[in-house]
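Observations on the three-dimensional arrangement
If you want the building blocks of each chain, they are given just below.
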Amino acid sequence: MNISIVAIGKLKEKYLKQGIDEYIKRLSAYAKVDIIELPDEKAPENLSDQDMKIVKDKEGDRILSKISPDAHVIALAIEGKMKSSEELADNMDRLTTYGKSKVTFVIGGSLGLSNAVLKRADEKLSFSRMTFPHQLMRLVLLEQVYRAFRINRGEPYHK
């Protein structure tokens, strides 16, 4: 399986980079993983609704340009469906079974995802109703994808 994570924003924190590198290394036994970092749109602190839409649309265009037409797209969105680790594992297994060898996870910027990206998504996934820094979500997502592969192979992993 080929897994891409398309994410807005550059990862700067060394401890997050180390964690992400560790999970990419672990995942290499199961899948090819690419992380595509895209620049966030510079914007002032106080934005009108229209300005927020413009920022999200510009970031959305960048995201859409990096998604393969044949990829199954899973957008991380607060309004998405929450799943257990076992449900995510089952979903990943079904995708493989039905010939979806390219899966792209999308992590938006601080304002979220554009409507165009949400429409392109085959599904929306929420890790919580809480808001997390998008940089941290890369690490959490990779850990859960790794856990999904371990679950599907019947391999031990801490609970």
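Note that the coordinates shown come from a computational prediction; the quantities given were computed from them, not determined experimentally.

Basis of the calculations
Residues numbered from 1 in each chain as written. Predicted model: local features only at pLDDT ≥ 70, side-chain atom pairs only at ≥ 80, totals over all residues. Heavy atoms only, no water. Pairing = 2+ DSSP bridges. Helix = DSSP H or I, 4+ residues; strand = E, 2+ residues; numbered from the N terminus. Axes fitted to C-alpha atoms, helices over the stretch in contact; angles between N-to-C directions. Contact = heavy atoms within 4.5 Å. Polar contact = N/O pair within 3.5 Å; in protein donor to acceptor, adjacent residues only side chain to side chain. UniProt positions renumbered as here; feature names shortened; annotations may be inferred. Buried < 20%, exposed > 50% of the residue type's maximum accessible area, 1.4 Å probe, protein only. Patch = residues over 30% accessible without salt bridge, like charges linked within 9 Å, V, L, I, M, F, W, Y side chains within 5 Å. Areas by Shrake-Rupley, 256 points an atom, 1.4 Å probe, with all protein chains shown as cover. Salt bridge = Lys/Arg side-chain N within 4 Å of Asp/Glu carboxyl O.

1. Here we look at the sheet that holds strand β5 (residues 123–126)
Taking strand neighbours across the sheet as the criterion, the five strands line up as β2-β1-β4-β3-β5 in an open arrangement whose pairing is parallel. Bordering the open sheet on either side are β2 (32–38) and β5, each of which pairs with just one other strand. The mean inter-strand angle of the sheet, taken between neighbouring strand axes irrespective of direction, is 30°. Summarising the sheet, strand β3 (residues 72–82) and β5 pair through five bridges and their orientation is parallel. Residue pairing in the sheet places Leu 76 in a bridge with Leu 125 of β5. Helix α2 (residues 49–65) contacts β1 (2–8), β2 and β4 (102–107) of the sheet and is inclined by roughly 160° relative to β1. Each of β1, β3, β4 and β5 touches helix α3 (residues 85–97); the most contacted strand, β3, lies at about 155° to it.

2. Some remarks on the side chain of Ser 128
Relative to the assigned elements, Ser 128 resides in the loop between β5 and α5 (134–152). At 2.9 Å, the side chain of Ser 128 and the backbone nitrogen of Met 130 are in polar contact. Excluding anything up to four places from it in sequence, Ser 128 contacts Ile 78 and Met 82.

3. With respect to the UniProt feature "binding site: S-adenosyl-L-methionine" (unreviewed entry) in the protein
Taken from the UniProt record, the annotation "binding site: S-adenosyl-L-methionine" (unreviewed entry) applies to Leu 76, Gly 108, Phe 127, Ser 128, Arg 129, Met 130, Thr 131 and Phe 132. Excluding residues that lie within four positions of it along the chain, Gly 108 makes contacts with Ile 8, Leu 113 and His 134. The residue Phe 132 is located in the loop between β5 and α5 in this model. The class of Phe 132 is partly exposed, set by a relative accessible area of 35%.

4. Overview of a nonpolar patch on the surface
On the surface, Met 130, Phe 132, Leu 136 and Val 140 cluster together into a nonpolar patch covering about 330 Å² of accessible area. Within the fold, Val 140 resides in helix α5.

5. Here's the deal with the pairing of β4
Burial analysis of β4 places five of its six residues in the buried class, the great majority of the element. Pairing of β1 with β4, which is carried by six bridges, proceeds in the parallel orientation. Counterpart to Asn 2 in the pairing with β4 is Lys 102. As defined by bridge partners, β3 adjoins β4 across four bridges and the pair is classed as parallel.

6. Focus: the pattern of salt bridges
Within this structure, the stated rule accounts for 15 salt bridges. Note that Lys 102 and Asp 70 form a salt bridge whose closest N and O atoms lie 3.4 Å from each other. Of this pair, Lys 102 sits in strand β4 while Asp 70 sits in the loop between α2 and β3; the two residues are 32 residues apart in sequence, bridging distant segments of the chain. Through salt bridges with shared partners, a single network forms among Lys 10, Glu 37 and Arg 138.

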